[in-house]
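# Coordinates in review
Okay, here's what each chain looks like letter by letter:
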Amino acid sequence: MRVVLSGYYGFHNVGDEAILFSIIAALKAEQPDIEIVVLSNDPDYTKKTYQVEAVNRWQLKEVSQAIRSADGVISGGGSLLQDKTGNRSVIYYSGIMMIARAYKKPFVIYAQGIGPVDKKVNQRITKVAISKAKLVTVRDEASKQFLKDIGLKNEVSVVPDPVLGIDVNTRSSDWVQEQSLKQPMLAVSVRDWPSSDNYKEAIAGALDQAAGLGYKVVFVPMHGEHDAETSKEVAAMMSAEALISPHDASIEEKIAVIGESAMLVGMRLHALIFAAVVETPFLALSYDPKIDAFADLCQQPVAADVHDRLSAEELFEKIKQHSEQLEEEKQKMNVYVAQAKQEAKQTAARALACFR
């Protein structure tokens with residue numbers, strides 16, 4: 001069997017690369033001899049990293065040939081169909097589905113987070129494209145409700161994010177060992193985001209106070225140099241010395257850093273998911289409904305929304321409260337995670353069944 005994977009791949013965003021890593025692993029576990037072709041922004045990197053075929057996602061001829069020679073197309077996971085960053089995503093990913101349809105190739109929506117899609121024309125494009133899918137799976141109830149609201153008639157299943165099915169080989173980080181830390185770590189994932197309030201100063205102030213509790217603050221950049229720069233910016237606002245883990249570390253290394261931490265304060269969705277995989281309690285900093293949705297699933301608190309006025313004192317109090325009940329928070333999180341780890345792997349079997 002030959003399958004094409006379409007997603008936000010090859011952009012060196014750790015969250016999306018983790019999704020790709022997880023989907024490939026799940027597909028190969030289900031069918032070891034499967035041939036996988038990834039539509040990638042960096043085909044050479046994708047080929048080398050995942051040992052799969054890859055074509056340039058922007059070259060229409062290459063994309064069309066890949067789909068034409070495949071048994072089916074997987075669209076996802078991640079937040080592909082959204083217009084918060086412009087119209088391009090909705091048009092591109094719907095276009096891939098339409099190419100599959102033109103060649104009479106079945107396609108599936110794989111554990112996607114749908115939306116926000118605010119423009120009516122983009123909602124119509126999304127509805128028409130997804131209506132032709134053989135299988136529609138989304139990663140949260142909000143995505144399912146949105147598809148219902150725009151009039152989609154297909155059956156929609158809510159499944160865990162693919163990364164929850166990732167197999168963690170080790171929870172020991174070579175980088176952490178090199179630091180020879182004597183105090184527990186507080187992992188932090190931040191990203192740049194437009195906000196009328198200076199949320200970075202508030203985060204820095206709260207982390208300074210958290211350092212006073214005996215934590216070593218360790219930033220974990222999830223989107224390469226972009227998040228590394230934001231991490232440096234927040235760290236520079238702190239009085240306490242903080243560490244920034246390598247922005248170009250592997251997926252496994254980033255998971256290990258979070259796994260060795262006592263807790264995580266995170267903005268990036270897949271930093272929260274990494275924490276869940278390795279049973280590290282987390283506090284979410286929301287900038288998008290997908291953050292709130294995942295935190296709710298894991299019964300972990302959303303400490304603040306960066307669009308609202310963020311107080312360093314209030315954020316610190318929530319960090320302090322969370323740190324005082326880590327074992328209880330871990331148990332609450334694992335109610336969802338234990339089951340989700342198994343269900344995440346089953347999505348691959350359902351997708352492949354559509355192509356046989």
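Thresholds, definitions, all that
All residue numbers refer to position in the chain's written sequence, counted from 1. Totals for whole chains, interfaces and linings use every residue, but because this is a predicted model, local features are given only for residues with pLDDT of at least 70 and side-chain atom pairs only at 80 or more, for both listing and counting. Side-chain metrics in this entry use all non-hydrogen atoms of the structure; hydrogen atoms and water are not considered. The helix and strand labels rest on DSSP assignments: H or I over at least four residues marks a helix, E over at least two residues marks a strand, and numbering proceeds from the N terminus. In this scheme, a helix's expected span is set at 1.5 Å multiplied by one less than its residue total. Note on bend: at a given residue it equals the angle between the axes fitted to the 7 residues ending there and to the 7 starting there. Burial status follows relative accessibility: with a 1.4 Å probe on protein chains alone, a residue under 20% of its type maximum counts as buried, one over 50% as exposed, and anything between as partly exposed. To define a nonpolar core, start from buried Ala, Val, Leu, Ile, Met, Phe, Trp, Tyr and Cys residues and group those joined through side-chain atoms within 4.5 Å. Two residues form a contact once any of their heavy atoms are found within 4.5 Å. For patch building, the residue pool is restricted to those with more than 30% relative accessible area and no salt bridge; the joining distance is 9 Å between like charges and 5 Å between nonpolar side chains (Val, Leu, Ile, Met, Phe, Trp, Tyr). The protein chains shown are the only cover counted for residues, whose accessible areas, like all others here, come from Shrake-Rupley with a 1.4 Å probe. Every case where a carboxyl oxygen of Asp or Glu lies within 4 Å of a side-chain nitrogen of Lys or Arg is listed as a salt bridge. The rule for pairing is simple: two strands pair if DSSP sees at least two bridges between them. For helices, the fitted line uses only the C-alpha atoms of the stretch in contact; every axis is such a line through C-alpha atoms, and the angle between N-to-C directions lies from 0 to 180 degrees.

Here the focus is helix α14 (residues 326–353). The terminal C-alpha atoms of α14, which comprises 28 residues, lie 41 Å apart, in line with the 40 Å expected from a rise of 1.5 Å per residue. At N334, α14 is deflected by roughly 40 degrees, the largest bend along its length. Taken together, the buried positions of α14 are occupied by L326, E329, M333, Y336, V337, A340, A344, T347, A348, A351 and L352.

Looking at the secondary structure, you find E155 in the loop between α6 (141–149) and β7 (156–158). According to the relative accessible area criterion, E155 is exposed, its value standing at 67%. For the pair E155 and Y93, spaced 62 residues apart in sequence, the C-alpha to C-alpha distance is 20 Å.

Residues L5, L164, L186, F219, F282 and F294 are the most contacted members of the largest nonpolar core, which totals 96 residues. Element by element, the count of residues in this core is highest for α14, at nine residues. For F294, the residues in contact, after removing those within four places along its chain, are L164, L269, L272, I273, A276, F282 and Y336. Residues V63, A70, I114 and I130 belong to the second largest nonpolar core, which totals 31 residues.

To continue, consider unusual backbone geometry. With an omega of -5 degrees, the peptide bond running from G76 to G77 counts as cis. Examined against the element boundaries, G77 turns out to sit in strand β4 (residues 72–78). Even without being glycine, H12 reaches a positive phi, approximately 65 degrees. Position of H12 relative to the elements: it lies in the loop between β1 (2–6) and α1 (14–30). Look at E279: it is not a glycine, yet its phi comes out positive at around 60 degrees.

It is worth spelling out a nonpolar patch on the surface at this point. A surface patch of nonpolar side chains, amounting to about 240 Å² of accessible area, comprises I91, V121 and I125. The residue V121 is located in helix α5 (residues 120–131) in this model. The exposure class of V121 is partly exposed, given its relative accessible area of 43%.

Within this structure, the stated rule accounts for nine salt bridges. Measuring nitrogen to oxygen at the nearest pair gives 3.6 Å for the salt bridge that ties E229 to K232. Of the two residues, E229 and K232 are both situated in helix α9 (residues 224–236); the distance of three residues between them amounts to about one turn of the helix. Through salt bridges with shared partners, a single ionic network connects R2, E35 and E53.

Read from one edge to the other, the open sheet built from seven strands follows the order β3-β2-β1-β4-β5-β6-β7, with strand pairing classed as parallel. The open sheet has two edge strands, β3 (53–56) and β7, and neither has a second partner. Adjacent strand axes in the sheet meet at a mean angle of 25 degrees when their direction is disregarded. For strand β5 (residues 107–112) and strand β6 (residues 135–138), the ladder comprises three bridges, and the chain directions are parallel. Bridge pairing links I109 to V136 in β6. Of the strands in this sheet, β2 (35–40) and β3 are in contact with helix α2 (residues 43–50), which crosses β3 at around 170 degrees. α14 rests against β1, β4, β5, β6 and β7 of the sheet, and its axis sits at about 170 degrees to β5.

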